Amino acid sequence: MLEINGLGKTYGSGDKATPAIGNVSFRIEAGEFATSDYMVGRFSGQPTLVAALGIRGPEGRSEGAIVAGVDLQWVGQLATTVARKPGSMVLLVDDLGTVLAAQPAERNWLGRRQADQPLVAAMLATPEGTITTEGPDGTRRIFGFVRLSDTATRLAVGLEEADVLRGLHREIESAYLNLAFLCVLVLFGIWFGGDRLIVRPVRSLARTAARFGQGNLTERASHTAWAAEFAPLAAALDEMAQRLAEREEELHVANTHLEELASQDGLSGLANRRGFDAGLRTEWQRAAQLHRPVGLLMIDIDHFKLFNDRYGHVDGDACLYRVGEVIGIVAAHGGYLAARYGGEEFAVLLPGCDAVSAGAAAERVRQDVATLAIEHAAATLGYVTVSVGVAMLRPGAGQSPQVLVEAADAALYAAKRQGRNLVVAHENAPMSLAS
Ligand code: GH3
Ligand code: MG
Ligand code: MG
C-alpha cells in the first residue's frame, strides 16, 4: 500500500470520499491507477483531474507513484465543438456524479455533485443509454450518454427535445408528402394505363359489336391494331360476324325460295293465288303511276266437273297441268304473269298491254288448249276447251284492282253463257274479239 499525501484528501480504489478542491491524496497499491475528483487548479483556474499510478520495486513492493495533473480544459473545448448545434448540451461527470464540464457552462452544476439529478443518476446507473429529461438550464433534451473507456467519467450529449421533434415532424411531413405524391402518381398511372390499355379497346370492341348487331357485317375488328390481350377477342368477333354474314346469306336464299314456294302453285308450276294477288297489286300501282291500262284474262275449263266425274281426279289433275302449261307458254311469250287462280280457273295479267295484244293472247290460249285435243267425251266437242273473259282497265284514283278481276269474271261468265269455248271482252274493254 502506498500513501500519497497531497493536500489533506486521500484517494484510492474503493475510496468514495468527497473531494475538496485543492486537497488531494492517494492510497494505492503498486500497479494500481486512480484518479481524483474534479478540481479547479489553484494557479491555472482551469478544471483539473489528478491521476496516480503505483510503481512496483524490484522486490515487488510499492516503491513510488507517478502523479499527474490532467488539464480538463480540452474537455471543455471538445464540448464546445460538439455543442455547436444551437440548443444542444454536452456534460462530463465523474463516477461520483460531479459535473466536470458542461457546455453551455452551467455555473450552478459545474464542479458540484449532481448524483441526485435524473440525468446524472441515469449516467451513473448504466454504462450507456439515453434519457429524455431536463438539464441544468431547465430545458428538456434527449440525452445520449456513455462511460468513456478506461476512465470513470461519463459523457452525455443532449439535443433539445422540441428541436428533435420538430425535425422528426418535418421528416414525417416530408415522408407523408412523398407518399401522397407517390399515390397520386400510381393512381394517375393506373387511370392512364387502365384507360388506354383496357377501357378504350373495350369501348372500341363494343362499338364494333354494336355495328355487327345493326347488321353491318362487312366491318372487321381485326383491321385495327390490338394489344395482344384483345387480339383473340377481335378475332372471335370477326369470326362471329363472318358466321352471321353466312347465316344471313343462307337465310336470304331460304327466304327467297320460301317466298317463291309460297307464291307458286304446286300442280301447274304457275303462280298461285297469293302470287297473282301480289303481282296484280304491283302492276295496278305501276299502271296508276304511268297512266296506262292493265289487262287481265280469266280462263276457266269448260265442263270440268264432268271431266272429273268421267276420267277421275288424277286425270283431272293431268288435264289441269297440260292446260296450265299452254297458258304459261302464251304468257311467257308476251311477258305476262300466268297464275292458277283457283280450281280449274286460270288468270293471265297483262301489264302495259294494248287491247289488240290482250285479245290475241286470249284467243291464242283458247285455240292452243283446243289444239291439245284432250279427250272429253262428256263435252259437246268431245275434247277439253276453255272459255276466256278479257278485261282492260286504267286504274282510277284510289280504285282497287279488284274491279279489274270482277270485270274479267263478268266477261268470263258472259262467255260461258254464250256457249263456252269463247273469248269475250268486258264491255269496258275497247277491243273486237272473235267469238
Ligand atoms: P263450267 O263449264 O261452267 O265451268 O262447268 P264446270 O264443271 O267446269 O264448273 P264447276 O264449277 O261446276 O266444276 C269445277 C270442278 O273442277 C269441280 C272440281 O271437281 C274440279 N276441280 C277443282 N279443282 C280441282 C283440282 O285441283 N283437281 C281436279 N282434278 N279437279 C278439280
Ligand atoms: Mg270454274
Ligand atoms: Mg269450269
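Predicted, not measured: the structure shown is a model, and the values here were computed from it.

## Some remarks on the site of ligand 1
Consideration 1: With respect to spatial proximity, 16 residues lie near ligand 1, and among them His 303, Phe 304, Asn 308, Asp 317 and Arg 340 are the closest.
Consideration 2: In the environment of ligand 1, an oxygen atom lies 2.9 Å from a nitrogen or oxygen atom belonging to the backbone of Lys 305.
Consideration 3: Looking at the shell around ligand 1, the elements with two or more residues in it are β12 (294–301), α6 (304–311) and α7 (313–334).
Consideration 4: When residues in the shell around ligand 1 are grouped by element, the largest group, four residues, is from α7.
Consideration 5: When grouped by side-chain class, the residues that make up the shell around ligand 1 number three nonpolar, five polar and eight charged.

## Things to note about the sheet that holds strand β14 (residues 345–351)
Consideration 1: Taking strand neighbours across the sheet as the criterion, the five strands line up as β13-β14-β12-β15-β16 in an open arrangement whose pairing is mixed. Unpaired on one side and paired on the other, β13 (337–342) and β16 (423–425) mark the two borders of the sheet. The sheet shows a mean angle of 20 degrees between the axes of neighbouring strands, direction not considered.
Consideration 2: With seven bridges connecting them, β12 and β14 associate as antiparallel partners. Within β14, the residue paired with Asp 300 across the bridge is Glu 345.
Consideration 3: Running at roughly 5 degrees to β14, α7 makes contact with β12, β13, β14 and β15 (386–393) of the sheet.

## Here we look at a nonpolar patch on the surface
Consideration 1: On the surface, Leu 165, Leu 168, Ile 172, Tyr 176, Leu 179, Phe 181, Leu 182, Leu 185, Val 186, Leu 187 and Ile 190 cluster together into a nonpolar patch covering about 1,100 Å² of accessible area.
Consideration 2: Counting through the fold element by element, Phe 181 comes out in helix α3 (residues 161–213).
Consideration 3: With relative accessibility at 55%, the residue Phe 181 sits in the exposed group.

## Description of the pairing of strand β11 (residues 154–160)
Within a regular beta strand, the side chains point alternately toward one face of the sheet and then the other, so they alternate between its two faces.
Consideration 1: Here strand β7 (residues 89–93) runs beside β11; their pairing, made up of five bridges, is antiparallel. Its bridge partner being in β11, Val 93 is matched across the sheet by Arg 154.
Consideration 2: Where strand β10 (residues 140–147) lies against β11, seven bridges are found, and the strand directions are antiparallel. Looking at the pairing, Arg 141 lines up with Glu 160 of β11.

## Remarks on unusual backbone geometry
Consideration 1: Backbone geometry at Arg 420 places phi at a positive 75 degrees, although glycine is not the residue there.
Consideration 2: Mapped onto the fold, Arg 420 is located in the loop between α9 (402–417) and β16.
Consideration 3: In the Ramachandran plot, Asn 421 falls in the positive-phi region, its phi being about 50 degrees despite a non-glycine side chain.
Consideration 4: By the secondary structure assignment, Asn 421 is in the loop between α9 and β16.

## A word on the coordination of the magnesium ion (ligand 3)
Consideration 1: Coordination of the magnesium ion (ligand 3) by the protein involves Asp 300 (OD), Ile 301 (O) and Glu 344 (OE), with metal-donor separations of 2.0 to 2.2 Å.
Consideration 2: Read in sequence order, the donor residues for the magnesium ion (ligand 3) give the motif D-I-x42-E.
Consideration 3: Taken as a pair, the magnesium ion (ligand 3) and the magnesium ion (ligand 2) show a spacing of 3.5 Å, with Asp 300 coordinating each metal. Of this pair, Asp 300 sits in strand β12 while Glu 344 sits in the loop between β13 and β14, and the two are 44 residues apart along the sequence.
Consideration 4: Take Asp 300: its relative accessible area is 10%, and that puts it in the buried class.

## Examining the nonpolar core
Consideration 1: Counting 32 residues, the largest nonpolar core has Leu 297, Ile 299, Val 323 and Val 348 as its most contacted members.
Consideration 2: Counting residues per element, the ones that place at least two in this core are β12, α6, α7, β14, α8 (355–372) and β15.
Consideration 3: Element by element, the count of residues in this core is highest for α7, at seven residues.
Consideration 4: Excluding residues within four positions of it along the chain, Val 348 makes contact with Gly 295, Leu 296, Leu 297, Ile 299, Ile 327, Ala 331, Tyr 336, Leu 337 and Ala 338.
Consideration 5: Val 294, Met 298, Ala 391 and Ala 408 belong to the second largest nonpolar core, which has 19 residues in total.

## A closer look at the confidence of the model for the protein chain
Consideration 1: Looking at the protein chain, pLDDT values average 84 and 87% of them are 70 or higher.
Consideration 2: Across residues 7–22, where pLDDT falls below 50, the model places 48 contacts with residues more than four positions away in sequence or in other chains.
Consideration 3: Across residues 430–435, confidence stays below pLDDT 50; counting only partners more than four residues off in sequence or on other chains, it has 14 contacts.

## Focus on the packing of aromatic side chains
Consideration 1: Scanning the model with the defined rule gives six aromatic pairs in all.
Consideration 2: Arranged with centres 5.9 Å apart and planes meeting at 15 degrees, the rings of Phe 188 and Phe 192 form a pair that is stacked. Pair noted here: Phe 188 and Phe 192 are both in helix α3, with a separation of four residues, about one helical turn.
Consideration 3: A ring pair is formed by Phe 304 and Phe 307, whose centres lie 5.6 Å apart and whose planes are at 10 degrees; its orientation type is stacked. Of this pair, Phe 304 and Phe 307 both sit in helix α6, three residues apart, which is roughly one turn of the helix.
Consideration 4: The structure contains a cluster of three or more aromatic residues connected by ring pairs, namely Phe 188, Trp 191 and Phe 192.

Procedures and definitions
- All residue numbers here refer to positions counted from 1 along the written sequence of the relevant chain.
- Note on labels: chains are lettered from A, ligands numbered from 1, in written order.
- Where local features are concerned, this predicted model is filtered to residues with pLDDT of at least 70; where side-chain atom pairs are given and counted, the filter is 80 or more; whole-chain, interface and lining totals use all residues.
- For side-chain calculations, the full set of non-hydrogen atoms in the structure is used, while hydrogens and water are omitted.
- Definition of nearness: a residue and a molecule or strand are near each other if at least one heavy atom of the residue lies within 4 Å of the molecule or strand.
- Under the rule applied, a polar contact is a pair of N or O atoms within 3.5 Å (in protein, one hydrogen donor and one hydrogen acceptor; residues adjacent in sequence only if both atoms are side-chain atoms).
- Helix and strand definitions here come from DSSP, where helices need a minimum of 4 consecutive H or I residues and strands a minimum of 2 consecutive E residues; each element is numbered from the N-terminal end.
- Each residue is assigned to one class: nonpolar for Ala, Val, Leu, Ile, Met, Phe, Trp, Tyr, Cys and Pro, charged for Asp, Glu, Lys and Arg, and polar for all the others, Gly among them.
- When DSSP finds two or more bridges between a pair of strands, those strands are recorded as paired.
- Only the stretch in contact is used when a helix axis is fitted, and all axes are lines through C-alpha atoms; the angle between N-to-C directions ranges over 0 to 180 degrees.
- By definition, residues are in contact when any of their heavy atoms lie within 4.5 Å.
- For patch building, the residue pool is restricted to those with more than 30% relative accessible area and no salt bridge; the joining distance is 9 Å between like charges and 5 Å between nonpolar side chains (Val, Leu, Ile, Met, Phe, Trp, Tyr).
- Areas reported as accessible are Shrake-Rupley estimates using a 1.4 Å probe. Residue values count occlusion only from the protein chains shown.
- The salt bridge definition used is simple: a Lys or Arg side-chain nitrogen within 4 Å of an Asp or Glu carboxyl oxygen.
- Exposed residues in this analysis have more than 50% of their type's maximum accessible area, buried residues have under 20%, and partly exposed residues fall in between, with area computed by a 1.4 Å probe over protein chains only.
- Note that water is not among the atoms used; donors are N, O and S atoms within 2.8 Å of the metal (3.2 Å for Na, K and Ca), so sites may look incomplete.
- Residues enter a nonpolar core if they are buried and are Ala, Val, Leu, Ile, Met, Phe, Trp, Tyr or Cys, with the set joined through side-chain atoms within 4.5 Å.
- A residue's pLDDT is simply how confident the predictor is in it, with values from 0 to 100.
- Aromatic rings from Phe, Tyr and Trp, taking only the six-membered ring of Trp, are treated as a pair when their centres fall within 6.5 Å; an angle between ring planes under 30 degrees marks them as stacked, one over 60 as edge-to-face, and anything in between as tilted.

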